[in-house]
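So you can see what is in the structure, the chains are spelled out below.
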Amino acid sequence: MPLGALVRLPLALARAALEALRGRLGALCWSLSPLSLSLSLPGWKRVSAPSPAAPESPRQEREWDEPSPTPTSVNYHFTRQCNYKCGFCFHTAKTSFVLPSRRRLTASFFGPSLGMEKINFSGGEPFLQDRGEFVGQLVQFCKQDLKLPSVSIVSNGSLIRERWFKKYGEYLDILAISCDSFDENVNVLIGRGQGKKNHVENLHKLRQWCREYAVAFKINSVINRFNVEEDMNEQIKALNPVRWKVFQCLLIEGENTGEEALREAEKFVISDEDFEQFLDRHKDVSCLVPESNQKMRDSYLILDEYMRFLNCRNGRKEPSKSILDVGIEAAIKFSGFDESMFLKRGGKYVWSKADMKLDW
């Protein structure tokens, strides 16, 4: 390990420990606070949140006067905790905080009245919390009570059991499983190893459950130095997902690169030319949806565990104020969201399973 990395490692571990402690204290404060049980619709008076302060900046002052983007599709990373250690991860376990009173919170901030059509629950690993019950209840509430057209989850798939599909499958439109390689040795190198379990075998099992319980199946792959030469044509066509999202490995300061990062993803990075060659090799896969670094950086509306929008325009995740404090309309102005790029990359598609013509 390089000398610089040895010097930074203790600092990173110390920061991670402090963040975890802060998350636990924040959760305790919320559980003791009566305010966490009495939230109203956007536009209410200030409600205290356990979110670190986001300093004002000239950029924020300018964006305050800009029109608010519509939260058509929101990615809610309600947890940063994960049971995998993917070396390129760009949303790492810097805190252990998860908002309590999840049903009331979801009812307060999400719904078609705001222009929302789709919510995607991600992490970390969403199925870590309460063995999947937490995300299951969120999914059911958003579909059954809020009647959102599309509710989806991104997961590594390692903790999902058939009983979850039996209980919550009818409320879920899309399940996206992360799979970066069909070579188990490469998955281990990346950090997706499951010990004695086989990630690829588990992927096929999840595919079958999605068929049985009428959930649209999607695959997400991060193309990096370890899998860029791989030919995945045969395996993807056999699995036949509704979408195969192919990301170029992305560096985010403070997440997977830099002194404050919990990962060092530099060794995973590939060039734009490498990425294009991978795409060209798989051009005959009809469900392929490519996302280069340029397309990915600003075209997602991301909420973190403190309900802050994360602005990635400057190569790091700069948080807005929490929507618990200022409401969604004020916070979203600092999200850095590029609505035109969202549409250009194909972010809007047929995402309700009721509208999909699928052979389950």
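These lines cover the structure that appears in this document, whether it is placed above or below. It should be emphasised that the depicted structure is a prediction, and the values quoted were computed from it without experimental measurement. (Residues numbered from 1 in each chain as written. Predicted model: local features only at pLDDT ≥ 70, side-chain atom pairs only at ≥ 80, totals over all residues. Heavy atoms only, no water.)

1. Concerning the overall build of the protein
Right, so step 1: Scanning the protein from terminus to terminus reveals 13 helices and 10 strands.
Right, so step 2: Split into buried and exposed, the 360 residues of the protein put 55% on the buried side.
Right, so step 3: Accessible area of the protein: about 16,500 Å², with a carbon and sulfur share of 52%. (Helix = DSSP H or I, 4+ residues; strand = E, 2+ residues; numbered from the N terminus. Buried < 20%, exposed > 50% of the residue type's maximum accessible area, 1.4 Å probe, protein only. Areas by Shrake-Rupley, 256 points an atom, 1.4 Å probe, with all protein chains shown as cover.)

2. So, the nonpolar core
Right, so step 1: Judged by nonpolar contacts, the single largest core of 69 residues is most densely connected at Phe-121, Ile-153, Leu-175 and Trp-244.
Right, so step 2: No other element matches helix H4 (residues 133–145), which puts 6 residues into this core.
Right, so step 3: For Trp-244, the residues in contact, after removing those within four places along its chain, are Ile-219, Ser-221, Met-232, Ile-236, Phe-278, His-282, Val-285, Cys-287, Leu-288 and Val-289.
Right, so step 4: One finds Val-186, Ile-190, Cys-249 and Phe-268 within the second-largest nonpolar core, a separate group that totals 16 residues. (Core = buried A, V, L, I, M, F, W, Y, C linked by side-chain atoms within 4.5 Å. Contact = heavy atoms within 4.5 Å.)

3. Looking at a positive patch on the surface
Right, so step 1: Taken together, the side chains of Arg-131, Arg-161, Arg-163, Lys-197 and Lys-205 define a basic patch exposed on the protein surface.
Right, so step 2: Relative to the assigned elements, Lys-205 resides in helix H7 (residues 199–212). (Patch = residues over 30% accessible without salt bridge, like charges linked within 9 Å, V, L, I, M, F, W, Y side chains within 5 Å. Salt bridge = Lys/Arg side-chain N within 4 Å of Asp/Glu carboxyl O. Lys, Arg positive; Asp, Glu negative; His and termini not counted. Charge placed at Lys NZ, Arg CZ, Asp CG, Glu CD.)

4. Remarks on the environment of Gly-258
Right, so step 1: Its location among the elements puts Gly-258 in the loop between strand S6 (243–248) and helix H9 (272–281).
Right, so step 2: Classification of Gly-258 by relative accessible area gives partly exposed; the value is 27%.

5. Here's the deal with H7
Right, so step 1: Along its 14 residues, H7 runs 20 Å from first to last C-alpha, staying within 8% of the 20 Å computed at 1.5 Å per residue.
Right, so step 2: Within the span of H7, buried status applies to His-199, Val-200, Asn-202, Leu-203, Leu-206, Arg-207, Trp-209 and Cys-210.
Right, so step 3: Contacts from the buried residues of H7 go to helix H5 (162–168), strand S4 (174–178), helix H6 (184–190), strand S5 (216–223) and helix H8 (233–239).
Right, so step 4: For H7, the side-chain oxygen to backbone nitrogen distance between the N-cap and Val-200 is 2.9 Å, and the N-cap itself is Asn-198. (Expected span 1.5 Å × (residues − 1). Polar contact = N/O pair within 3.5 Å; in protein donor to acceptor, adjacent residues only side chain to side chain.)

6. Looking at the packing of aromatic side chains
Right, so step 1: This model, assessed by the stated rule, comprises 15 aromatic pairs.
Right, so step 2: Geometrically, the ring pair formed by Phe-97 and Tyr-306 is stacked, given 4.8 Å between the ring centres and 10° between the ring planes. Taken as a pair, Phe-97 in the loop between strand S1 (73–77) and helix H3 (102–109) and Tyr-306 in the loop between strand S8 (301–303) and strand S9 (308–311) lie far apart in primary sequence, 209 residues in all. Of the two residues, Phe-97 and Tyr-306, neither departs from the other in class, the shared state being buried.
Right, so step 3: Note on Trp-244 and Phe-278: the rings are 6.2 Å apart at their centroids and 65° apart in plane angle, and the pair reads as edge-to-face. With Trp-244 in strand S6 and Phe-278 in helix H9, this pair connects stretches of sequence that are 34 residues apart.
Right, so step 4: Overall, Trp-244 belongs to the buried group, its relative accessible area being 0%.
Right, so step 5: For Phe-278, a relative accessible area of 0% corresponds to the buried category. (Phe/Tyr/Trp six-rings, centres within 6.5 Å; stacked < 30°, edge-to-face > 60°.)

7. As for H9
Right, so step 1: Along H9, the residues classified as buried are Asp-274, Phe-275, Phe-278 and Leu-279. For H9, the angular spread of buried residues about the axis comes to 140°, placing them on one side. The outward face of H9, more than 90 degrees from its buried face, is lined by the exposed residues Asp-272 and Glu-273.
Right, so step 2: Looking at the buried positions of H9, the neighbouring elements they touch are S5, S6 and strand S7 (288–291). (Arc of directions from axis to C-beta.)

8. Things to note about the environment of Phe-78
Right, so step 1: Tracing the chain through its elements places Phe-78 in the loop between S1 and H3.
Right, so step 2: Phe-78 gets classed as buried once you look at its relative accessible area, which sits at 0%.
Right, so step 3: It is 6.1 Å that separates the C-alpha atoms of Phe-78 and Val-98, two residues lying 20 residues apart in sequence.
Right, so step 4: Other than its neighbours up to four places away in sequence, Phe-78 contacts Phe-97, Val-98, Phe-121, Ser-122, Pro-126, Gln-129, Phe-134, Val-135, Leu-138 and Glu-305.

9. Some thoughts on the pairing of strand S10 (residues 318–322)
Right, so step 1: Direction of pairing for S9 relative to S10: antiparallel, over a ladder of 3 bridges. If you follow Leu-310 over to S10, its bridge partner there is Pro-319. (Pairing = 2+ DSSP bridges.)

10. Some thoughts on the pairing of S9
Right, so step 1: Across the two faces of S9 the burial is the same, with Arg-308 and Leu-310 and Phe-309 and Asn-311 all buried.
Right, so step 2: Turn length for the S9-S10 hairpin, with the two strands adjacent in sequence and antiparallel, is 6 residues, and the turn residue Gly-315 shows positive phi of about 85°.

11. Remarks on unusual backbone geometry
Right, so step 1: Note that the residue after Gly-123, namely Gly-124, is joined by a cis bond; omega there is 15°.
Right, so step 2: Tracing the chain through its elements places Gly-124 in the loop between strand S2 (118–122) and H4.
Right, so step 3: Not every positive phi belongs to a glycine, and Lys-147 is a case in point at roughly 60°.
Right, so step 4: Mapped onto the elements, Lys-147 comes out in the loop between H4 and strand S3 (150–155).
Right, so step 5: Of note in the backbone geometry, Ala-214 takes a positive phi value of approximately 55° without being a glycine.

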